[in-house]
Amino acid sequence: IYDASVPDVAMLVAKDSPIKTAAECSGKTCAVSALNDLGELGTKAWLDANGGDSKSVHFIEFPTSAIGEAVASGRADSGCARSCGTSHAAATHS
């Protein structure tokens, strides 16, 4: 059960990324932990609900622990990760 008061999912972008909104993710590449799973579906729903176009986003699969590195290295423009992946990304790319 998701509780918005305690979010455990984040959309990651590189520190120097021009992406600041869901709309700016349109046409970009997004790293997810598995293709066609609940995480990707939730990301698509979030994008569409917040001004983005999920149909124009190219999703690529990475292990959760590698999503932060994929974004930091430019292999993906953004990445959707659960709290375990966001903690790792923050620790290694802060």
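Presented here is a report on the structure given in the accompanying data block.

Criteria and thresholds
Per chain, the residues get numbers from 1 upward, laid out in the order the sequence is written. Where local features are concerned, this predicted model is filtered to residues with pLDDT of at least 70; where side-chain atom pairs are given and counted, the filter is 80 or more; whole-chain, interface and lining totals use all residues. Hydrogens and water are ignored here; the side-chain numbers use all heavy atoms of the structure. Only DSSP runs of H or I reaching four residues or more are called helices, and only runs of E reaching two or more are called strands; each is numbered from the N terminus. Each accessible area value is a Shrake-Rupley result obtained with a 1.4 Å probe; residue values ignore everything except the protein chains displayed when judging cover. For each residue, the accessible area found with a 1.4 Å probe, counting protein chains only, is set against the maximum for its type, and the residue is called buried under 20%, exposed over 50%, and partly exposed in between. The criterion used for residue contact is that any of the two residues' heavy atoms lie within 4.5 Å.

Some remarks on the overall build of the chain
Link 1 in the chain: Looking only at helices and strands, the chain has three helices and four strands in total.
Link 2 in the chain: Seen in sequence order, the chain has helices and strands lined up from the N terminus as β-β-α-β-α-β-α.
Link 3 in the chain: For the chain, the accessible area works out to roughly 5500 Å², and carbon and sulfur atoms hold 55% of it.

Notes on the side chain of Thr 29
Link 1 in the chain: Residue position: Thr 29 is located in strand 2 (residues 29–32).
Link 2 in the chain: Its relative accessible area of 19% is what places Thr 29 among the buried residues.
Link 3 in the chain: When sequence neighbours within four positions are dropped, the list of residues in contact with Thr 29 reads His 58, Ile 60, Arg 75, Ala 76, Asp 77 and Ser 78.

Considering the environment of Phe 59
Link 1 in the chain: Considering the arrangement of structural elements, one finds Phe 59 in strand 3 (residues 58–61).
Link 2 in the chain: Residues Phe 59 and Lys 44, spaced 15 residues apart in sequence, show a C-alpha to C-alpha distance of 9.8 Å.
Link 3 in the chain: In this structure Phe 59 touches Cys 30, Val 32, Leu 35, Glu 40, Thr 43, Lys 44, Leu 47 and Ser 54, once residues within four positions along its chain are discounted.

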